[in-house]
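Chain and residue survey
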Amino acid sequence: MRSFLRNNSLTLAFGLAFLATLTAQALVGLAAFNERQVAEGFAQVSFVHFVMSSDFGVDVMENWQSEYLQFFLYVFGTVWLIQRGSPESKPADKTGWESDEVQLVGPHADEKSPAWARAGGIRLKVYSHSLALVMGTIFLMSWFAQSVAGRVAYNQTQIGQLQLPLTWLEYIVSADFWNRTLQNWQSEMLALVSMAVLSVYLRQRGSPESKPVGAPHDTATGRTG
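Note that the structure is predicted; figures quoted are calculated from it, not measured.

What the protein contains, in helices and strands, is ten helices and zero strands. Secondary structure of the protein in N-to-C order comes out as α-α-α-α-α-α-α-α-α-α. In summary, the protein has a C-alpha radius of gyration of 23 Å against a globular reference of 17 Å for 225 residues, an excess of more than 25%. Dimensions of the protein along its principal axes, counting C-alpha atoms only, are 65 × 40 × 40 Å. Intrachain contacts of the protein at a sequence separation of at least 6 include 49% that bridge at least 24 residues. Of the accessible surface of the protein, which amounts to about 15,000 Å², a share of 65% is contributed by carbon and sulfur atoms.

What follows is about the packing of helix 8 (residues 130–160) against helix 10 (residues 175–201). It is the contact of helix 8 with helix 10, at a shortest axis distance of 10 Å, that shows an interaxial angle of 140°. Looking at the two axes, helix 8 sits oblique to helix 10. Once helix 8 is placed against helix 10, the crossing between them reads as right-handed. Each of Phe139, Trp143, Gln146, Ser147 and Tyr154 in helix 8 lies in contact with helix 10, whose residues at this interface are Asp176, Phe177, Trp178, Arg180, Thr181 and Trp185. Looking at the contact of helix 8 with helix 10, its residues break down into six nonpolar, three polar and two charged.

What follows is about a nonpolar patch on the surface. On the surface, a cluster of nonpolar side chains totalling about 480 Å² of accessible area is made up of Trp116, Ile122, Val126, Tyr127 and Leu133. With three residues, the single largest contributor to the nonpolar patch is helix 7 (residues 121–128). Residue placement: tyrosine 127 occurs in helix 7.

Another point: the confidence of the model for the protein. Considering every residue of the protein, the mean pLDDT works out to 90; 97% of them sit at 70 or more. Ranking the elements of the protein by mean pLDDT puts helix 5 (residues 100–103) last with 88 and helix 9 (residues 168–171) first with 96.

Another point: the pattern of salt bridges. The final tally for this structure, using the stated rule, is four salt bridges. If you follow the salt bridges from partner to partner, you end up with Asp59, Glu62, Asp176 and Arg180 in one network.

Rules used throughout
Residues numbered from 1 in each chain as written. Predicted model: local features only at pLDDT ≥ 70, side-chain atom pairs only at ≥ 80, totals over all residues. Heavy atoms only, no water. Helix = DSSP H or I, 4+ residues; strand = E, 2+ residues; numbered from the N terminus. Rg over C-alpha atoms; globule rule 2.2 N^0.38 Å. Contact = heavy atoms within 4.5 Å. Areas by Shrake-Rupley, 256 points an atom, 1.4 Å probe, with all protein chains shown as cover. Axes fitted to C-alpha atoms, helices over the stretch in contact; angles between N-to-C directions. Parallel < 35°, antiparallel > 145°, perpendicular 65-115°, else oblique. Left-handed = near helix turned anticlockwise from the far one by under 90°. Nonpolar A, V, L, I, M, F, W, Y, C, P; charged D, E, K, R; others polar. Patch = residues over 30% accessible without salt bridge, like charges linked within 9 Å, V, L, I, M, F, W, Y side chains within 5 Å. Salt bridge = Lys/Arg side-chain N within 4 Å of Asp/Glu carboxyl O. pLDDT = per-residue confidence, 0-100.

Structure representation (structure tokens):
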């Protein structure tokens, strides 16, 4: 058990942190929601009712979709794009898909390689891009979920103000939907730019996301320590 906890400590720590912050968001969101309910003359709702509501769902989904967009763009974009001196970037002479020999696929795979890496045809093609495919799929699914929950939440406000509700197609071209979307996307793009550039000049000793402390700023692209 101790070995399992140590070998999976990164996943376990951030997984627990995720559950803790999601629970905290639900509790704080419930308090804020019930304050509005009282102010508007409506009854307060329970915790279970709130976490099943569109108000909570849209807030969660709009954050999830932007995070997975960031993952997808970084995984896919770093195949071709570089930042000299950044450990987040490949060297300039290694851009692109790279050779089968470098990627250890097909006849270059060894006995410990994943089965689909040793295979050919469609299985190898799918597995070769599986990380970006999964990240992109989760992004699209959570973005769609945001649009559905966001429409319900928006229409509740519309009806409360004696205005006509919007269809899903009307909502996804509305200012409310794109305001929710773009305010998250711009923050993710800023985070990506910051990580790529700051990691050229700044260090965190012992982190694989950082170059070795003594590595030169303008070299050691892709070198971690």
